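Observations on chain architecture
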Amino acid sequence: MSTEEIRAALAEIVNEVAGVDADDVQLDKSFVEDLDVDSLSMVEVVVEAEEKFGVTIPDDQVKNLKTVGDAVSYIESARAAA
Amino acid sequence: MTTLKVEQGSAYAGILGVGAYRPARVVPNSEIVDAIDSSDEWVQQRSGIKTRRFADESETVVAMSVSASRDALEAAGIDPRQVDCVIVATVSHLLQTPSAATMVAHELGTDGAAAFDVSAACAGFCHGVAMANDLVRGGSARYVVVIGVERLSDITSRTDRGTAFIFADGAGAVVVGPSETPAIGPVVWGSDGEQYDLIRQKEDWRDAIAADAPEMPHLVMQGNEVFRWASFSMGKVAHQALDRAGVTIDELDCFIPHQANNRITDALARSMKLPAHVKIARDVIDSGNTSAASVPLALERMIRDGDAKSGDVALLIAFGAGLSYAAQVVTLP
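Residues numbered from 1 in each chain as written. Chains lettered and ligands numbered in written order. Predicted model: local features only at pLDDT ≥ 70, side-chain atom pairs only at ≥ 80, totals over all residues. Heavy atoms only, no water.

Looking now at the overall build of chain B. Looking only at helices and strands, chain B has 9 helices and 14 strands in total. A compact globule built from 333 residues would reach a C-alpha radius of gyration of about 20 Å, and chain B, at 19 Å, matches this within 12%. Dimensions of chain B, computed from C-alpha atoms along their principal axes, come out at roughly 65 × 45 × 40 Å. Of all 333 residues assigned to chain B, the portion counted as buried reaches 55%. Of the contacts made within chain B by residues no fewer than 6 positions apart, 78% connect residues no fewer than 24 positions apart. With 28 positive and 42 negative side-chain charges, chain B shows a separation of 4 Å between the mean positions of the two kinds. (Helix = DSSP H or I, 4+ residues; strand = E, 2+ residues; numbered from the N terminus. Rg over C-alpha atoms; globule rule 2.2 N^0.38 Å. Buried < 20%, exposed > 50% of the residue type's maximum accessible area, 1.4 Å probe, protein only. Contact = heavy atoms within 4.5 Å. Lys, Arg positive; Asp, Glu negative; His and termini not counted. Charge placed at Lys NZ, Arg CZ, Asp CG, Glu CD.)

This is the structure we're talking about:
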């Protein structure tokens, strides 16, 4: 999957979980500040992302995923390592 | 060789009546938020909770249990003297022994019914329903009163940002007895003691008393980890309970999860892919999280509001400290 494909799939998850318009879920956007995705919604996004992308995102890593770009990069490297 | 005589119970059991006791005092978020430096808006956004109820001195664990049980017995049309067993699920009966259940059985006017408490935290009520089902079917009891009751306000820190706005008080009860058709499905239950630390009493009584300034040990919880477990692992358990009862998710009328947090209910419904026609219990909004009491309170509320009707197929699922969980499909009385 390309970076853009991962971003688009992640955007779909964020839309489903938090009702955020998928087009707003761009790499430079902060989950909390720009998209209003709070820590509980973030847990849901992470679990859905784990399933969709076949990766593991441990709880202690989640707090480092501040922007959509952070999450996409994490997923890319986790997929590469798998 | 002597062969022992055994007894057989009813082929099937069901919930025959439901009752509830809600403490008189309604506590809005505005009474809670100053001590945790928060706001009504934040509490609602984080949990859905608008108000909860706190018991006063007279609304004891036993008094609330007796009141809820009387309503359940009346709804079932069962005399207290017909009750063979009383099961109280609670973590906030603060007298270590004897159990609350013996006093409840006495005050209800049972004829010396067997009585004991169950400690399975928020999952306690669904554990009790599972046991009652087996007691009735196994012949150990004909009518069982199962109560979920809590006074969590006694063991909640007013200044703990993770729990002060969540926990509350109340009691709910059901009567389980013989049924002509299967009305309580197989229980799916279990525990995960590896995560015992996620929700628990902060310290044991000996450590609390030995402290320089002794205070009541209160509940502590790691919210995000609990959210993950409750929302996703429990979705799988819910599906197992449906499978074991031979019920498809489309046949479900009511979904009555432990009223932990409205956000958990939402996430659980999403992770289960619950169809839109299924009515979902939302009692947490007005009642907070009453641990063992929350499922019967929510059930009573749905019946009273007309959201749940006689003959409806409902999925009960409860989960909490332990971690422990239990789920079963029931047909409503």
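On we go.
For the rest of this paragraph, the subject is the interface of chain A and chain B. The partner chain B presents 11 residues to the 14 residues of chain A that form the contact. A buried area of about 1,300 Å², summed over both sides, lies between chain A and chain B, and 48% of it is on carbon and sulfur atoms. Looking only at chain A, the three residues that lose the most surface to chain B are A:Leu40, A:Val43 and A:Glu44, adding up to 44% of its buried area. Taken together, the connections running from chain A to chain B amount to 4 salt bridges. The closest approach of N and O atoms between B:Arg228 and A:Glu50, which form a salt bridge, is 2.6 Å. (Buried area = accessible area lost by both parts, 1.4 Å probe. Salt bridge = Lys/Arg side-chain N within 4 Å of Asp/Glu carboxyl O.)

A few words now on the sheet that holds strand 12 (residues 279-280) of chain B. Residues and elements named next belong to chain B. One open sheet holds the 5 strands; their spatial order is 8-14-13-11-12, and the pairing between them is mixed. Single-partner strands in this sheet number two, and they are strand 8 (188-191) and strand 12. Two strands pair when backbone bridges link them, and strand 8 and strand 14 (residues 324-331) are joined in this way by 4 bridges, in the antiparallel orientation. Across the sheet, residue Gly190 finds its bridge partner in strand 14, namely Tyr325. Contacting strand 11 (254-257), strand 12 and strand 13 (313-320), helix 9 (residues 294-304) runs over the sheet at an angle of about 150 degrees to strand 11. (Pairing = 2+ DSSP bridges. Axes fitted to C-alpha atoms, helices over the stretch in contact; angles between N-to-C directions.)

On to the UniProt feature "domain: Carrier" (unreviewed entry) in chain A, then. If you check UniProt for "domain: Carrier" (unreviewed entry), the listed places come out as residues 4-79 of chain A in our numbering. Within residues 4-79 of chain A, the helical portion is 61% and the strand portion 0%, while the C-alpha atoms at the span's ends are 15 Å from each other. (UniProt positions renumbered as here; feature names shortened; annotations may be inferred.)

What follows concerns the UniProt feature "modified residue: O-(pantetheine 4'-phosphoryl)serine" (unreviewed entry) in chain A. UniProt records the feature "modified residue: O-(pantetheine 4'-phosphoryl)serine" (unreviewed entry) for A:Ser39 in the present numbering. For A:Ser39, the position within the fold is in helix 2 (residues 39-53). A:Ser39 gets classed as partly exposed once you look at its relative accessible area, which sits at 28%. Ignoring anything within four residues of it in the chain, the contact list for A:Ser39 reads B:Arg46 and B:Asn224.

Glancing now at the sheet that holds strand 1 (residues 12-21) of chain B. All names here are of chain B. Spatial ordering of the open sheet is given by 1-7-6-4-5, a layout of 5 strands whose pairing is mixed. Of all strands in the sheet, those with a lone pairing partner are strand 1 and strand 5 (114-118), marking the two edges. Taken over all neighbouring pairs, the strand axes of this sheet differ in orientation by 20 degrees on average, direction set aside. Two strands pair when backbone bridges link them, and strand 4 (residues 85-89) and strand 5 are joined in this way by 5 bridges, in the parallel orientation. In the strand pairing of strand 5, Ala89 is matched with Val118. Across the sheet, helix 9 is in contact with strand 1, strand 6 (144-151) and strand 7 (169-179); its angle to strand 1 comes to roughly 85 degrees.

This brings us to the pairing of strand 14 of chain B. All names here are of chain B. With 7 of its 8 residues buried, strand 14 lies for the most part within the structure. Taken together, the 8 bridges between strand 13 and strand 14 define a ladder with antiparallel strand orientation. Counterpart to Ala314 in the pairing with strand 14 is Val330.

Helix length check: helix 2 (residues 61-76) of chain B, at 16 residues, gives a terminal C-alpha distance of 22 Å against a target of 22 Å (1.5 Å per residue), a fit within 8%. Positive backbone phi, approximately 70 degrees, marks B:Gly77, located one or two places after helix 2 of chain B. (Expected span 1.5 Å × (residues − 1).)

Packed helix pairs are characterised by how far apart their axes lie and by the angle those axes make with each other. All names here are of chain A. Viewed as axis vectors pointing N to C, helix 1 (residues 3-18) and helix 2 meet at an angle of 135 degrees, and their least axial separation amounts to 9 Å. Relative to helix 2, the element helix 1 lies oblique. For the crossing formed where helix 1 meets helix 2, the hand is right-handed. Facing Ile6, Ala9, Leu10, Glu12, Ile13, Val14, Val17 and Ala18 of helix 1, the residues of helix 2 in contact are Ser41, Glu44, Val45, Glu48, Ala49, Lys52 and Phe53. Across the contact of helix 1 with helix 2, the residue classes break down as 10 nonpolar, 1 polar and 4 charged. (Parallel < 35°, antiparallel > 145°, perpendicular 65-115°, else oblique. Left-handed = near helix turned anticlockwise from the far one by under 90°. Nonpolar A, V, L, I, M, F, W, Y, C, P; charged D, E, K, R; others polar.)

Moving on, we come to the environment of B:Val62. Residue and element names in this part refer to chain B. Along the chain, the position of Val62 falls in helix 2. For the pair Val62 and Asp197, spaced 135 residues apart in sequence, the C-alpha separation works out to 29 Å. Sequence-distant contacts of Val62, that is, excluding residues within four places in its chain, are made with Ala100, Met103, Val104 and Glu107.

Bringing the confidence of the model for chain B into the picture now. On average, residues of chain B score 96 in pLDDT, and 100% of them are at 70 or above. Scored by ipTM, the complex comes to 0.79, with pTM at 0.93. (pLDDT = per-residue confidence, 0-100.)

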